[in-house]
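# Chain and residue survey
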Amino acid sequence: MSKAVCAFEACGCKIISVADDNVVTMPVSAIDSFRLMRNVKKESASAATLPNAEFLVVGDVWDFDNVGVSKDIPPSNITAIVDTESTPVEETTVYEYRHENKTWQISKCVKYLICADCDKGPIGMVCEVAESGNAANTKLVHLLSLSSVSH
């Protein structure tokens, strides 16, 4: 099990232990759509061309060793979640991931995750997710972008 730490050398705050069974993938475009920070040291020419990005699914904010949570995200800051009633289907981006033998779809991002020591970020987000095919099964999850931290 590795440890996710703040990507800034002057900080190095320990954020959380990364358990492989809680690592999920989503298209790399999710990082830009949700306006997440990228760890420039980890980004190389080959990494930038990968189709998927890894995220750590964390069920409770208290599971983190050290993380900050922002105020609510204004809807205008998120380009990934689009009003499907007024937007043609081909322009709607839906982000899904598989976790615990279920497929989950991000329905709304409500807050950003930041480094608690240096306030840099965002390194992840707090999202409302719904089970695909069962919209009544919803929950709040914390998604830490492993592209935004060192581990």
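Summary of the structure given here. (Residues numbered from 1 in each chain as written. Predicted model: local features only at pLDDT ≥ 70, side-chain atom pairs only at ≥ 80, totals over all residues. Heavy atoms only, no water.)

Checked against the element boundaries, Ser33 lands in helix α1 (residues 29–33). Engagement of the side chain of Ser33 in a polar contact is seen with the side chain of Tyr95, the distance being 2.9 Å. (Helix = DSSP H or I, 4+ residues; strand = E, 2+ residues; numbered from the N terminus. Polar contact = N/O pair within 3.5 Å; in protein donor to acceptor, adjacent residues only side chain to side chain.)

Moving on, we come to the state of the cysteines. One pass over the structure, following the stated rule, counts zero disulfides. Of all cysteine sulfurs in the structure, the one in Cys118 sits closest to Cys6, which takes part in no disulfide; the separation is 3.7 Å. The cysteine Cys13 is free of any disulfide, with Cys115 supplying the nearest cysteine sulfur at 4.1 Å. (Disulfide = S-S within 2.5 Å.)

Another point: the pairing of strand β6 (residues 96–99). The two faces of β6 differ: Tyr97 and His99 on one face are buried, but Glu96 and Arg98 on the other face are not. Bridging between β6 and strand β7 (residues 102–114) involves four bridges; their strand directions are antiparallel. Within β7, the position partnered with Tyr97 by the bridge is Trp104. Where β6 folds back on β7, the antiparallel hairpin that results is connected by two residues, among which Glu100 adopts a positive phi of roughly 55 degrees. (Buried < 20%, exposed > 50% of the residue type's maximum accessible area, 1.4 Å probe, protein only. Pairing = 2+ DSSP bridges.)

Let's shift gears to the nonpolar core. Among soluble globular proteins, nonpolar side chains are generally buried collectively. Among the nonpolar cores identified, the biggest contains 21 residues, and Met26, Phe34, Phe55, Tyr97, Ile106, Met125 and Leu143 are the most heavily contacted of them. Those elements giving two or more residues to this core turn out to be β3 (23–27), α1, β4 (52–58), β7, β8 (124–131) and β9 (134–145). When residues in this core are grouped by element, the largest group, four residues, is from β7. The contact partners of Met26, leaving out residues within four places of it in the chain, are Pro51, Asn52, Ala53, Phe55, Tyr95, Glu96, Tyr97, Ile106 and Leu143. By size, the runner-up hydrophobic cluster in this structure holds 16 residues, among which are Val58, Phe64, Val126 and Leu144. (Core = buried A, V, L, I, M, F, W, Y, C linked by side-chain atoms within 4.5 Å. Contact = heavy atoms within 4.5 Å.)

Structural measurements only, silent on function.
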